[in-house]
Amino acid sequence: MRYRLTTAAFAAGVVFAAASSASATDLEVTHWWTSGGEAAAVAELAKAFDATGNKWVDGAIAGSGDIARPIMIGRITGGDPMGATQFNHGRQAEELVQAGLMRDFTELAEKEGWTKFIHPKSLLDGCTLDGKIYCVPVNIHSQQWLWLSNKAFADAGVAVPKNWDEFVAAAPALEKAGIVPLVIGQQPWQTTLAFQVILVALAGPETFQKVFGDKDATLAAGPELAKVFAAADQARNMSAKSNVQEWNQATSMVISGKAGGQIMGDWAQGEFQVAGQVAGKDYTCLPGLGVNEIISTGGDAFYFPKQTDPEKAKAQEALASVMLSPATQVAFNLKKGSLPVRGDVDLNAANDCMKKGLEILAKGNIIPAPDQLMSADGVTQINDLFVEFFANKELSAEDAQKRFAEIIAAAD
């Protein structure tokens, strides 16, 4: 899919902004975007919504999705719904939709032709339940990246790696120079993310799909995954001196050259951008760990809890529409470091790493995110396993694999 932005598309966004909401309505929007890069991106969404004549009321929740989601869900089920709320693509809001607590946006989607420009199709499929559309995907965030500090490798006297094996081989030189080879924050999802990225890179996308999508427990317990767990053990050893909690704190260590690399989603680009670093000069990105160049179609979507106030309901429609406007898609995703969900926008201003992602997406080298394949309960069990694995060296790779296969066997 070619990304370009036509004059007519921009004009449509301008007309929408001018013609929307006759009266200003406050709409609280909850999300967990609080790092420097994330805040800059959120500001673009707020600016676009405010231009419709309504008012974005920011409901940022510090921490991560693991912290924010229970708060968001509690408010919705407790009768205190916000105007809109962030979830990741996939099944995180499935039970809320089934309980009848979320708005159906099928009519708006048909009116604006979302199926014609949202790409890939799986993004909108993830918002669809029983043939009805319940959310607005705003970006594609792939976790399949290794971010490297060019300064760290220069200080250690070794070349910047081009793939995972070279990265592992460079670890002793980094350690000798007092640099943490691989930094991983202590939030539960970060260790799981590292494992999943290693799995796709070393075992391939088909194996990933069979394990997480088909719930193939035999494969999960077999020799192919044993190699992945051995590599995860290498990652555990390389990250043993990581001492930060938040993902963006880990990214900051890469930015400063205190760490050699970080396995993290492309949202890390927002932090490099805020720090004034240039892709290809100050840092290097390896999609698929330089082995399997794949983009996962995870990311962020907004759901809209049902409202009793008709003015707030109108404002919800205005926000849903403006989030998908071409101008907003460009402004937001350039700041966020993510890829747009529209296939008709121009990202000539994208940096080298984002362009790599666009090229991979254009080739169709994509996989779904785990959240799109597994229930929230299954994802939580896997998170718990890898928190223990990375924190406890007494848990061998063999025993961890056995437990992983048991989780896959019982997953839905």
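Residues numbered from 1 in each chain as written. Predicted model: local features only at pLDDT ≥ 70, side-chain atom pairs only at ≥ 80, totals over all residues. Heavy atoms only, no water.

What counts is decided by this rule: UniProt positions are given in the numbering used here, feature names are shortened, and annotations may be inferred rather than shown by experiment.
Looking at an unreviewed UniProt entry, the chain carries the name Probable sugar-binding periplasmic protein, with the source organism given as Aminobacter carboxidus. The UniProt entry for the chain carries the following text under Subcellular location (unreviewed entry): "Periplasm".

**Quick notes on the pattern of salt bridges**
To keep things clear, this is the line we draw: Between Lys or Arg on one side and Asp or Glu on the other, a salt bridge is scored when a side-chain nitrogen of the former is within 4 Å of a carboxyl oxygen of the latter. Labels follow the DSSP assignment, with helices taken as runs of H or I lasting at least four residues and strands as runs of E lasting at least two, numbered in each case from the N terminus. Partly exposed residues are those whose accessible area sits between 20% and 50% of the maximum for their type, while under 20% is buried and over 50% is exposed, using a 1.4 Å probe and protein chains only.
Tallied over the full model, the rule gives 13 salt bridges. For the salt bridge of Lys335 with Glu44, the shortest nitrogen-to-oxygen distance reads 2.9 Å. Here the residue Lys335 occupies a position in helix α17 (residues 326-336), and Glu44 occupies one in helix α2 (residues 36-50), the gap between them amounting to 291 residues. Residue Glu44 is classed as buried on the basis of its relative accessible area of 13%. Across the pair Asp80 and Arg75 runs a salt bridge whose closest N-O atoms are separated by 3.3 Å. Overall, the relative accessible area of 44% leaves Asp80 in the partly exposed class. We classify Arg75 as partly exposed; its relative accessible area is 21%. Ionic contacts of the salt-bridge type, sharing partners, join the residues Glu28, Arg75 and Asp80 into one network.

**Here's the deal with the sheet that holds strand β1 (residues 26-31)**
Selection criterion: Being paired, for any two strands, means DSSP has found at least two bridges between them. To obtain each axis, a line is fitted to C-alpha atoms, and for helices this fit is confined to the stretch in contact; angles are then taken between N-to-C directions over 0 to 180 degrees.
The strand order across the open sheet built from five strands is β2-β1-β3-β12-β6, with neighbouring strands paired in mixed fashion. The sheet is open, and its two edges are formed by β2 (55-60) and β6 (135-137), each paired on a single side. Averaged over neighbouring strand pairs, the angle between their axes works out to 25 degrees when direction is ignored. Summarising the sheet, β1 and strand β3 (residues 84-88) pair through two bridges and their orientation is parallel. Opposite Thr30, over in β3, you have Thr85 as the bridge partner.

**A look at the environment of Gly100**
Tracing the chain through its elements places Gly100 in the loop between α4 (94-98) and α5 (106-112). Residue classification places Gly100 among the partly exposed positions, given a relative accessible area of 32%. Considering only alpha carbons, one finds Gly100 and Lys306, 206 residues apart in sequence, at a separation of 8.4 Å.

**Quick word on the state of the cysteines**
We count it as follows: Any two cysteine sulfur atoms lying within 2.5 Å of each other are counted as a disulfide.
Per the counting criterion, the structure on display carries two disulfides. With its sulfur 1.9 Å from that of its partner, Cys127 forms a disulfide with Cys135. On the sign convention where negative means left-handed, the S-S torsion of about -90 degrees between Cys127 and Cys135 marks this disulfide as left-handed. Among the residues examined, Cys127 registers a relative accessible area of 3% and is labelled buried. The disulfide that involves Cys285 links it to Cys353, with 2.1 Å between the sulfurs. Handedness here is read from the sign of the S-S torsion; for Cys285 and Cys353, about -110 degrees, the answer is left-handed. With Cys285 in strand β10 (residues 283-287) and Cys353 in helix α18 (residues 352-363), this pair connects stretches of sequence that are 68 residues apart. Relative accessible area serves as the criterion here: at 2%, Cys285 is assigned to the buried category. Looking at Cys353, the relative accessible area reads 1%, which means it is buried. Cysteine pairing for the chain (bonded cysteines numbered in sequence order): 1-2, 3-4.

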